[in-house]
Amino acid sequence: MSRIETCCLPGLAFVAVLLAAAVRLYSRRPRKRIPVHEELGDPEITDAFNRVALMPQMGVMRRYVTARAIKATAGGLAVDLGCGPGYLVVEMARRAPALHVTGVDLSGEMLTEAENYARLQGLGQAISFRKANLQRMPFADGSVDLVVSTFSLHHWNDPVAVLDEVDRVLRPGGSFLVFDLRRDLSAPAWLLLWVVTGFLVEPALRRANEPLASRNAAYTPLEARKLAEQSRLDGWRLIPGPLWLIIEGCKQDPA
């Protein structure tokens, strides 16, 4: 055996042990959905989520969702369900000036952050915010032109009821787009989330087991399809991505 081969043996052994540990860890991941119970009243967690939402990859996601949503509906009243700190609301208002965008969230802390952010961006006239339960949206029947939601589906206590509300408030021909993580991630993606959760995120998010907790609470494409099928919402299609899933479409005119 050459000297080079002898020197490589410890490194190969380490890689083999590391791979075996990764395989074992991935095999023990939660398979069933685990609902998330985040402490959104905790200001440290709220602030940490806001900082995560400003990361470049999140900005890419918002631009992608906005472009996809306004391609179908670029004017009228748009509603962002679970708007959080309001970054998607602002992105939509910038990209589609003919839209009036209303962000809806149950967290007063998040809405305060969203209102401050919109004011700083000089878009207060094109944007509004409402605190409400998504199962009882403060909009009249058939009064909304576009409904969007990002990373909110896995938080909904009764997703079928929320989709029914989307159907109620949308006008015939109005469009909707629900974007979220998918739970059945590939092994590399799941292991990356495990590393991020355990070693890279801020302590406040680590206490909430994020972002892994959101993955555990997310739906598979098959489960999301069943939710849409159980709702009154029609005209939808499900689009699975490598890390995400999308439920989108246009509400059909019953006439």
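See the structure above.
About the criteria used
Residues numbered from 1 in each chain as written. Predicted model: local features only at pLDDT ≥ 70, side-chain atom pairs only at ≥ 80, totals over all residues. Heavy atoms only, no water. Patch = residues over 30% accessible without salt bridge, like charges linked within 9 Å, V, L, I, M, F, W, Y side chains within 5 Å. Areas by Shrake-Rupley, 256 points an atom, 1.4 Å probe, with all protein chains shown as cover. Salt bridge = Lys/Arg side-chain N within 4 Å of Asp/Glu carboxyl O. Helix = DSSP H or I, 4+ residues; strand = E, 2+ residues; numbered from the N terminus. Pairing = 2+ DSSP bridges. Axes fitted to C-alpha atoms, helices over the stretch in contact; angles between N-to-C directions. Contact = heavy atoms within 4.5 Å. Buried < 20%, exposed > 50% of the residue type's maximum accessible area, 1.4 Å probe, protein only. Phe/Tyr/Trp six-rings, centres within 6.5 Å; stacked < 30°, edge-to-face > 60°. Parallel < 35°, antiparallel > 145°, perpendicular 65-115°, else oblique. Left-handed = near helix turned anticlockwise from the far one by under 90°. Nonpolar A, V, L, I, M, F, W, Y, C, P; charged D, E, K, R; others polar.

**Side note on a nonpolar patch on the surface**
Piece 1. Taken together, Trp194, Val195, Phe199 and Leu200 make up a surface patch of nonpolar side chains, about 410 Å² in accessible area.
Piece 2. Its location among the elements puts leucine 200 in helix H7 (residues 187–200).

**Structural notes on the sheet that holds strand S7 (residues 244–250)**
Piece 1. If you trace the seven strands from one edge of the open sheet to the other, you get S3-S2-S1-S4-S5-S7-S6, paired in mixed fashion. The strands lining the two open edges of the sheet, one partner per strand, are strand S3 (127–131) and strand S6 (236–240). Direction aside, neighbouring strands of the sheet carry axes that sit 15° apart on average.
Piece 2. Sheet analysis places strand S5 (residues 170–181) next to S7, joined by seven bridges and oriented antiparallel. Within S7, the residue paired with phenylalanine 179 across the bridge is isoleucine 246.
Piece 3. Of the strands in this sheet, strand S1 (76–81), strand S2 (99–105), S3 and strand S4 (144–150) are in contact with helix H4 (residues 87–95), which crosses S2 at around 175°.
Piece 4. On the sheet, helix H5 (residues 108–120) packs against S2 and S3 and is oriented at approximately 170° with respect to S3.

**Considerations on unusual backbone geometry**
Piece 1. With omega at 10°, the peptide bond leading from glutamate 210 into proline 211 counts as cis.
Piece 2. You will see that phenylalanine 151, though not glycine, has its phi angle at about 55°, which is positive.
Piece 3. Positionally, phenylalanine 151 belongs in the loop between S4 and helix H6 (159–169).
Piece 4. For asparagine 209, which is not glycine, the phi torsion reads 60° and is therefore positive.
Piece 5. The residue asparagine 209 is located in the loop between helix H8 (203–207) and helix H9 (212–217) in this model.
Piece 6. Owing to a relative accessible area of 34%, asparagine 209 belongs among the partly exposed residues under this scheme.

**Observations concerning the packing of aromatic side chains**
Piece 1. Going through the model one piece at a time under the given rule, you end up with seven aromatic pairs.
Piece 2. Ring geometry for tyrosine 26 and tryptophan 190: centres 6.0 Å apart, planes at 65°, overall edge-to-face. In this pair, tyrosine 26 sits in helix H1 (residues 3–27) while tryptophan 190 sits in helix H7, placing the two residues 164 residues apart along the sequence.
Piece 3. Assessed through its relative accessible area of 3%, tryptophan 190 is described here as buried.

**Here's the deal with the side chain of threonine 150**
Piece 1. Inspection of the secondary structure puts threonine 150 in strand S4.
Piece 2. You can call threonine 150 buried: its relative accessible area is 12%.
Piece 3. Residues in contact with threonine 150, not counting those within four places in the same chain, are Met61, Val65, Leu81, Leu88 and Phe179.

**A look at the packing of helix H2 (residues 43–53) against H5**
Piece 1. Viewed as axis vectors pointing N to C, H2 and H5 meet at an angle of 45°, and their least axial separation amounts to 10 Å. The orientation of H2 with respect to H5, classified from their angle, is oblique. Considering only the axes of H2 and H5, their crossing is right-handed. Contacts between H2 and H5 pair Thr46, Asp47, Phe49 and Asn50 from the former with Glu109, Met110 and Glu113 from the latter.

**Remarks on H4**
Piece 1. In terms of burial, H4 is a largely internal element, seven of the nine residues being buried.
Piece 2. Of the positions making up H4, those classed as buried are Tyr87, Leu88, Val89, Val90, Glu91, Met92 and Ala93.

**Some thoughts on the side chain of threonine 66**
Piece 1. Locating threonine 66 in the fold gives a position in helix H3 (residues 56–72).
Piece 2. Residue threonine 66 is classed as buried on the basis of its relative accessible area, which comes to 0%.
Piece 3. Sequence-distant contacts of threonine 66, that is, excluding residues within four places in its chain, are made with Leu88, Glu91, Met92 and Arg95.

**Some details on the packing of H3 against H4**
Piece 1. Contact geometry for H3 and H4: axes closest at 10 Å, N-to-C directions at 50°. Taken together, the axes of H3 and H4 lie oblique to each other. Judged by the sense of rotation from one axis to the other, the crossing of H3 with H4 is right-handed. When H3 is examined against H4, the residues Arg62, Arg63, Val65, Thr66, Ala67 and Ile70 are found in contact with a partner set consisting of Tyr87, Leu88, Glu91, Met92 and Arg95.
Piece 2. Classifying every residue of the contact of H3 with H4 gives six nonpolar, one polar and four charged.

Geometric descriptors of this kind do not, in isolation, establish any biological role.
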